[in-house]
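A look at the structure
This is what each chain is made of:
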Amino acid sequence: MGEARRVVVKVGSSSLTTASGGLDADRVDALVDVLAKARGGDREVVLVSSGAIAAGLAPLGLRRRPRDLARQQAAASVGQGLLVARYTASFARYGVRVGQVLLTTDDMSRRSQHRNASRTLDKLLAMGAFPVVNENDTVATDEIRFGDNDRLAALVAHLVHADLLVLLSDVDGVYDGDPSRPGTSRIAEVRGPADLADVEIGSAGRAGVGTGGMVTKVEAARIAAAAGIPVVLTSAVHAADALTGGDTGTYFHPTGRRSADRLLWLQHASAPQGALVLDDGAVRAVVEGRKSLLPAGIAGVEGDFGAGDPVELRDTAGRAVARGMVNFDAREIPRLIGRSTRELARELGPAYEREVVHRDDLVILHP
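These notes cover the structure that comes with them.

About the cut-offs
- Residues numbered from 1 in each chain as written.
- Predicted model: local features only at pLDDT ≥ 70, side-chain atom pairs only at ≥ 80, totals over all residues.
- Heavy atoms only, no water.
- Helix = DSSP H or I, 4+ residues; strand = E, 2+ residues; numbered from the N terminus.
- Buried < 20%, exposed > 50% of the residue type's maximum accessible area, 1.4 Å probe, protein only.
- Contact = heavy atoms within 4.5 Å.
- Areas by Shrake-Rupley, 256 points an atom, 1.4 Å probe, with all protein chains shown as cover.
- Pairing = 2+ DSSP bridges.
- Salt bridge = Lys/Arg side-chain N within 4 Å of Asp/Glu carboxyl O.
- Phe/Tyr/Trp six-rings, centres within 6.5 Å; stacked < 30°, edge-to-face > 60°.
- Lys NZ or Arg CZ within 6 Å of the ring centre and 35° of its normal.
- Core = buried A, V, L, I, M, F, W, Y, C linked by side-chain atoms within 4.5 Å.
- Expected span 1.5 Å × (residues − 1).
- Bend = angle between axes of the 7 residues up to and from the residue.

**Re the overall build of the protein**
Helix and strand content of the protein: 11 helices and 13 strands. Of all 367 residues assigned to the protein, the portion counted as buried reaches 50%. Relative to all contacts within the protein whose residues are 6 or more apart in sequence, the contacts with residues 24 or more apart total 72%. When the accessible surface of the protein is split by element, carbon and sulfur atoms take 46% of a total near 16,700 Å².

So, in structure tokens, the structure goes:
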């Protein structure tokens, strides 16, 4: 942990704001004190910060986080400026400039936007600025939202090739029971899903200013660990220990290797726009053989999608077995069903002699 050279830190709304909404300047300053001291030399830090919607509640006279998207976006519009202004003022005490980066899932999925996001973050770090990342809540629709900044942090950690992801909360790790009850203990290390199989993970806190709770943090840790990135999950007050290798929180060991960025997005952040139903032979070829999906293996099509959209690949029982980026529009699929690519090329032209979903643009959901 102490040797990580590029670190992504995520902080939740409850660690930055009051229960009624509005930023807590002392809490923000305390976090910035840790982050400013942690960076420099060979170490780079990226912050994924919640708090925009929460910061906008009090100024708009809202007592709790609204449920409807329109009022959430209004709160974010007010709160985002307040949040970045607070970070800018706090980092200025150390002579550090802040760069704001707002993302939606579109920025992770579309190749050009994904490349631009990566390039912007790299350039901010190279120029000595401190990137503060948040979901672009003011424009994101339900279909293109990350849903919580924990998952966004895991994807950003992969995007910037981080050596460590630190998830800061108001709880100092994962416990084997309700941490407010006597007799429970902190789980120091997680080496795989089996270590948490019998643990009941809590949901969002009582304050009503955040969206996730421990459930989303553990899921984000699993996403990052599966992509080869170690994770420390602890409380904001222990941030300094987490960044210096101290004994704090719950440490998630890497469980996999780094994959292509678009595949991580496809599995964990995409919203399928439709589905392709596969016959039994195609299911075996895709899932067990890791093959591309050809027209001959398709038994049906559902939804209205365009070429390049994410779609689910389902077996005949309706179970989603994979997800992929489709090469044809939904209206084109019916005349391709059950036919060979050679036959389609003769009848429709060489553009149809290709896979419906290429194996390089496909992730298995249920092996």
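**Some details on the environment of Ala345**
Mapped onto the elements, Ala345 comes out in helix H11 (residues 341–348). Residues in contact with Ala345, not counting those within four places in the same chain, are Pro350 and Glu353.

**Thoughts on the pairing of strand S12 (residues 320–325)**
Counting buried positions along S12 gives 6 out of 6 residues, so the element sits mostly inside the fold. Across 5 bridges, strand S11 (residues 310–314) lies against S12 in antiparallel orientation. Note on S12: the bridge partner recorded for Val311 is Gly324. Adjacent in sequence and paired antiparallel, S11 and S12 are bridged by 5 residues, among which Gly318 carries a positive phi angle near 90 degrees.

**Topic: the pattern of salt bridges**
Throughout the structure, instances matching the rule amount to 19 salt bridges. For the salt bridge of Asp33 with Arg93, the shortest nitrogen-to-oxygen distance reads 2.9 Å. Residue Asp33 is located in helix H1 (residues 25–38), and its partner Arg93 is located in the loop between helix H3 (69–92) and strand S3 (98–103); the two are separated by 60 residues in the primary sequence. Residue classification places Asp33 among the partly exposed residues on the basis of a relative accessible area of 22%. In this structure, the salt-bridge partner of Arg339 is Glu347, at a minimum N-O distance of 2.2 Å. Glu347 gets classed as exposed once you look at its relative accessible area, which sits at 51%. Because the salt bridges share partners, they merge into one network encompassing Asp29, Asp33, Arg86 and Arg93.

**Some words on the packing of aromatic side chains**
Remark: the centre distance and the inter-plane angle together describe each pair of aromatic rings, the angle taken between the planes. Scanning all chains against the criterion turns up 2 aromatic pairs. Ring centres of Phe328 and Tyr352 lie 5.6 Å apart, and the angle between their planes is 20 degrees; this geometry places the pair in the stacked category. Of this pair, Phe328 sits in the loop between S12 and H11 while Tyr352 sits in the loop between H11 and strand S13 (362–364), and the two are 24 residues apart along the sequence. On the accessibility criterion, Phe328 (2% relative accessible area) is buried. Taking NZ or CZ as reference, Arg354 lies 4.5 Å from the ring centre of Phe328, over its face.

**Side note on the nonpolar core**
The tendency in soluble globular proteins is for nonpolar side chains to be buried side by side. Counting 39 residues, the largest nonpolar core has Val8, Val133, Val156, Leu165, Val174 and Phe252 as the members making the most contacts within it. Going through the elements one at a time, strand S2 (44–49), S3, helix H5 (111–126), helix H6 (149–159), strand S5 (164–169), helix H7 (214–226) and strand S7 (231–235) are the ones with two or more residues in this core. The greatest single-element share of this core, amounting to 7 residues, is contributed by H6. Sequence-distant contacts of Leu165, defined by excluding residues within four places in its chain, comprise Val8, Ala153, Ala154, Ala157, Ala224, Ile229, Pro230, Val231 and Val232. Counting residues in hydrophobic clusters, the runner-up holds 28 residues, among them Val11, Leu31, Leu47 and Ala242.

**Digging into H3**
Between its first and last C-alpha atoms H3 spans 33 Å; for 24 residues at 1.5 Å apiece the expected length is 34 Å, and the two agree. Considering bend angle alone, the principal kink of H3 is centred on Gly79 and spans about 30 degrees. If you check which residues of H3 are buried, you get Gln72, Gln73, Ala75, Ala76, Gly79, Gln80, Leu83, Val84, Tyr87, Ser90 and Phe91.

**Details of unusual backbone geometry**
Of note in the backbone geometry, His161 takes a positive phi value of approximately 60 degrees without being a glycine. Relative to the elements of secondary structure, His161 occurs in the loop between H6 and S5. Overall, the relative accessible area of 47% leaves His161 in the partly exposed class. The phi torsion at Arg290 lies on the positive side, around 55 degrees, for a residue other than glycine. Considering the arrangement of structural elements, one finds Arg290 in the loop between helix H10 (280–288) and strand S10 (298–303).

**Notes on the side chain of Lys10**
Among the secondary structure elements, Lys10 is positioned in strand S1 (residues 6–11). By relative accessible area, which is 3% here, Lys10 ends up buried. Those residues in contact with Lys10 that lie beyond four places of it in its chain are Val48, Ser50, Asn149, Asp150, Ala153, Val166, Leu167, Leu168 and Lys217.

So yeah, pure geometry; function would need other evidence.
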